[in-house]
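Tertiary structure, described
Below are the chains, spelled out letter by letter.
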Amino acid sequence: MANVIKLRKGLDIHLQGKAEEKLMELKSNGQYALMPDDFVGVTPKVVVKEGDKVKAGDALFINKQYPEVKFASPVSGTVREVVRGERRKVLCIKVEADKEQQFTDFGKKDVTKMSGQQVIDALLEAGLFGYIDQLPYAVSTNPSVLPKAIFVSALRDKPLACNFEYEVKGQEQDFQTGLTALSKIAKTHLGCGVHSSLENYRDVEVTVFDGKCPAGNVGVQVNHVDPVNKGEVVWTIGDPTVVLFIGRLFNTGKVCLKRRVALCGSEVKAPAYADMLVGEELATLLSNSYDNSHHVRIINGNVLTGRPTTKDGFLGAHTSEITVIPEGDDADEAFGWILPRFKQFSVSRSYFSWLCGKKEYALDARIKGGERHMIMSGEYDKVLPMDIYGEYLIKAIIAGDIDRQEALGIYEVSPEDFALAEFVDSSKLELQRIVREGLNILRKENA
């Protein structure tokens, strides 16, 4: 019987354009790119050059700080370009796929007979280890420090989120193999939602989280099950598809970075799912899928934590949704904010959305207000189901008070934990950016 944890704080934002559980057939244009920015905290060193031939599973770049951590190519083909930005920062490595795919064979393995170190070595060799994150600092982890526990969240509850239970159908054995492999390294916790079909997996401790968003955040689950103290490390997998990647590696001996992606949002004509490879060009998915007559924002991810992108962008390593919403820069509202606004959503009762129950809204990307002084109003606490004082922590980060940040629990949080607080914040502060900068400074201080 799984443990059940009831969360009373949080906020569900109901948006129009949820993907219907049917699968679109896509024809790839053969263009792929792996982006180092998808792996937070990694300083990339490119190990291929233009014109090189690679197989699926061959390393495209490594972590300069931990060279044994490689990042595998999703396809076999020819390296077309290493795209660099300011100060020669590596933005992505582009690969043009072969028509006939070839895979590096790492050999099938029986994970039940492997030790934790053998599992880690296999993931390092295949270029999958970097997909695992850690707390503290919410960065891609490294193999030099073993964790006290591993947390996997299979609950996706952000607005328009891809349903993992739909993705895992037919791949249950791969998911079980991945969980068993992780359990060899350290005690592994699996978090899921109520009435979930994921409660019956072996070799893990299952916890059911009953509550509103952000109950699915792996940081929230860590906070309620086994909080991180100074000097401790836990490994986290907030993207459960990574467990499928790991399971496929051991069951087939090959790297397969295929994932199910929800094309969603109020601007999408027919929201549905598609199977894509990590790094696949989004033009494959987005051609003729939305109305071009007005400005839209294409988001690589969900509306709370995703990054703006274009049709020429590429699917992120941890992206489970491609969301298309109105940009809002061409909206023309007479009398502006003074109107009663029945079609807009707000947690404030100045809008009438609080009377409308679970009505779905077509929200745009406008901030609706300018940045202003921070008011201690308790807004963050209502949507942050963690045992920390969110507003005081943000103030400590802004002030650069490291001792205060540590006392207020910065080791337990990641930027995504403040995504909802950023949404409800009347001061319009970029809370996720502030938390990321605070974590980066703390990581550098403690290095």
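The paragraphs below set out a description of the structure included in this document. (Residues numbered from 1 in each chain as written. Predicted model: local features only at pLDDT ≥ 70, side-chain atom pairs only at ≥ 80, totals over all residues. Heavy atoms only, no water.)

1. What to know about the sheet that holds strand β3 (residues 31-34)
Pairing in this open sheet of 4 strands is antiparallel, and the strands run β3-β9-β8-β5 from one edge to the other. Since the sheet does not close on itself, it has two edges, and those belong to β3 and β5 (53-54), each with one partner. Pairing of strand β8 (residues 77-84) with strand β9 (residues 90-97) involves 7 bridges; the strand directions are antiparallel. Each residue of the ladder has a partner; that of E81, found in β9, is K94. (Pairing = 2+ DSSP bridges. Helix = DSSP H or I, 4+ residues; strand = E, 2+ residues; numbered from the N terminus.)

2. Describing unusual backbone geometry
That bond from L135 to P136 is cis: its omega, 5 degrees, falls within 30 degrees of zero. Relative to the helices and strands, P136 is located in the loop between β10 (133-135) and β11 (139-140). A cis geometry characterises the amide bond from C213 onward to P214, with omega recorded as 15 degrees. Mapped onto the elements, P214 comes out in the loop between β14 (205-210) and α4 (218-225). Backbone geometry at R87 places phi at a positive 55 degrees, although glycine is not the residue there. You can see R87 is positioned in the loop between β8 and β9. A residue is classified by how much of its surface remains accessible, and R87, at 85% relative accessible area, is exposed. (Buried < 20%, exposed > 50% of the residue type's maximum accessible area, 1.4 Å probe, protein only.)

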